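Structure assessment
Below are the chains, spelled out letter by letter.
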Amino acid sequence: MTNELTFVRKTGAGIAEVFDDLAKLRIAVFRDYPYLYEGSVEYELGYLQTYLQSEHSFLFAVYDGDKMVGATTCIPLQDETAEVRKPFEDAGFDVRAICYFGESILLSAYRGRGLGHRFFDEREAHARALGVFETCCFCSVDRGHNHPLKPSDYRPNDAFWLKRGYHKEPALQSTMEWPDLGDTTSTPKTMIFWTKPLNR
């Protein structure tokens with residue numbers, strides 16, 4: 001680790017320029033609980049296409065030297081996949097007024113340095129700058145309380161998200177699929193959304 005971190009911003013199709021770095025970082029960080037993601041570049045490529053096809057998608061990344069050590073993304077909800085849009089559409093929301101926040105990932109050695117707040121600051125600033133969004137949202141996986149791979153010292157991010165002004169919305173749920181560690185087949189996971197008005 002160096003003390004000279006650098007920051008990169010990409011939008012739309014430009015995110016492809018750092019695809020390899022982003023894929024490696026997602027695979028590394030999402031192996032941990034609660035995602036337990038058995039990552040593959042093939043899966044990552046499919047995921048990334050949604051962001052490349054959106055003119056207003058956004059990525060903010062942190063590099064230590066030439067290694068991406070953290071990254072976060074956002075995208076207009078109307079440009080997201082059906083399973084992400086559906087709970088909002090079913091509840092009567094105008095998805096054109098919502099910005100969806102994707103991953104917020106950081107290697108463990110770089111945590112505790114304020115980068116988690118920086119990730120939210122960057123995404124919220126991007127969403128406000130576009131001038132069309134009233135709400136931002138993200139979702140987190142629900143593994144229940146007694147998952148066998150839950151570490152004894154695991155602490156969810158709920159307190160951090162609440163401090164940022166986000167509110168958990170149990171009525172807004174979706175299902176996403178990915179392979180768990182050791183598996184080759186994707187299985188469904190329940191995702192619960194959190195929301196925040198952008199004027200706060």
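Our structure's up above, just so we're on the same page.
Heads up: these notes are all about the structure in this document. (Residues numbered from 1 in each chain as written. Predicted model: local features only at pLDDT ≥ 70, side-chain atom pairs only at ≥ 80, totals over all residues. Heavy atoms only, no water.)

**What to know about the overall build of the protein chain**
If you tally the helices and strands in the protein chain, you get 5 helices and 7 strands. Secondary structure elements of the protein chain occur, N-terminal to C-terminal, as β-α-α-β-β-α-β-α-β-α-β-β. Along the three orthogonal principal directions, the C-alpha set of the protein chain runs to about 40 × 40 × 35 Å. The buried share of the protein chain, taken over its 200 residues, is 46%. Counted over contacts in the protein chain with a minimum sequence separation of 6, partners at least 24 positions apart contribute 71%. Of the accessible surface of the protein chain, which amounts to about 10500 Å², a share of 49% is contributed by carbon and sulfur atoms. (Helix = DSSP H or I, 4+ residues; strand = E, 2+ residues; numbered from the N terminus. Buried < 20%, exposed > 50% of the residue type's maximum accessible area, 1.4 Å probe, protein only. Contact = heavy atoms within 4.5 Å. Areas by Shrake-Rupley, 256 points an atom, 1.4 Å probe, with all protein chains shown as cover.)

**Here's the deal with the pairing of strand β2 (residues 58-64)**
Counted residue by residue, β2 has 7 buried out of 7 residues, so it is predominantly covered. What you see with β2 is no split at all: F58, F60, V62 and D64 on one side and L59, A61 and Y63 on the other are buried throughout. As defined by bridge partners, β2 adjoins strand β3 (residues 67-76) across 7 bridges and the pair is classed as antiparallel. Paired with A61 across the two strands is A71, which belongs to β3. The turn linking β2 back onto β3 is made up of 2 residues, and G65 within it adopts a positive phi angle of 65 degrees. (Pairing = 2+ DSSP bridges.)

**Looking at the side chain of E80**
Looking at the element boundaries, E80 is found in the loop between β3 and α3 (82-90). Here E80 is buried and forms no salt bridge, its nearest opposite-charge partner R85 lying at an N-O distance of 6.8 Å. Filtering out sequence-adjacent residues up to four positions away, E80 remains in contact with T50, Y51, I75, R85 and Y100. (Lys, Arg positive; Asp, Glu negative; His and termini not counted. Salt bridge = Lys/Arg side-chain N within 4 Å of Asp/Glu carboxyl O.)

**Describing the nonpolar core**
Core analysis: the biggest nonpolar cluster contains 56 residues, and M68, F88, Y100, F101, Y166 and F193 have the highest contact counts within it. Once you skip the residues sitting within four places of it in the chain, Y100 turns out to touch Y51, C74, I75, L77, E80, V84, C137, F138, C139, M176 and F193. (Core = buried A, V, L, I, M, F, W, Y, C linked by side-chain atoms within 4.5 Å.)

**Things to note about the packing of helix α1 (residues 19-29) against helix α2 (residues 41-52)**
The N-to-C vectors of α1 and α2 enclose an angle of 115 degrees; their axes lie 10 Å apart at closest approach. Here α1 runs over α2; the crossing is right-handed. For the pair α1 and α2, the contacting residues are F19, L22, A23, R26 and I27 in the first and V41, Y43, E44, L45, Y47 and L48 in the second. Looking at the contact of α1 with α2 residue by residue, the class counts come to 9 nonpolar, no polar and 2 charged. (Axes fitted to C-alpha atoms, helices over the stretch in contact; angles between N-to-C directions. Left-handed = near helix turned anticlockwise from the far one by under 90°. Nonpolar A, V, L, I, M, F, W, Y, C, P; charged D, E, K, R; others polar.)

**Here's the deal with the pattern of salt bridges**
The full count for this structure, using the stated rule, is 14 salt bridges. Note that E44 and R26 form a salt bridge whose closest N and O atoms lie 2.4 Å from each other. Of this pair, E44 sits in helix α2 while R26 sits in helix α1, placing them 18 residues apart in sequence. Ionic pairing is found between E122 and R118, a salt bridge with its closest N-O pair at 2.9 Å. With E122 and R118 both in helix α4 (residues 115-130) and 4 residues apart, this pair spans about one turn of that helix. What you see here is one network of salt bridges that share partners, running through D121, E124, R164 and K196.

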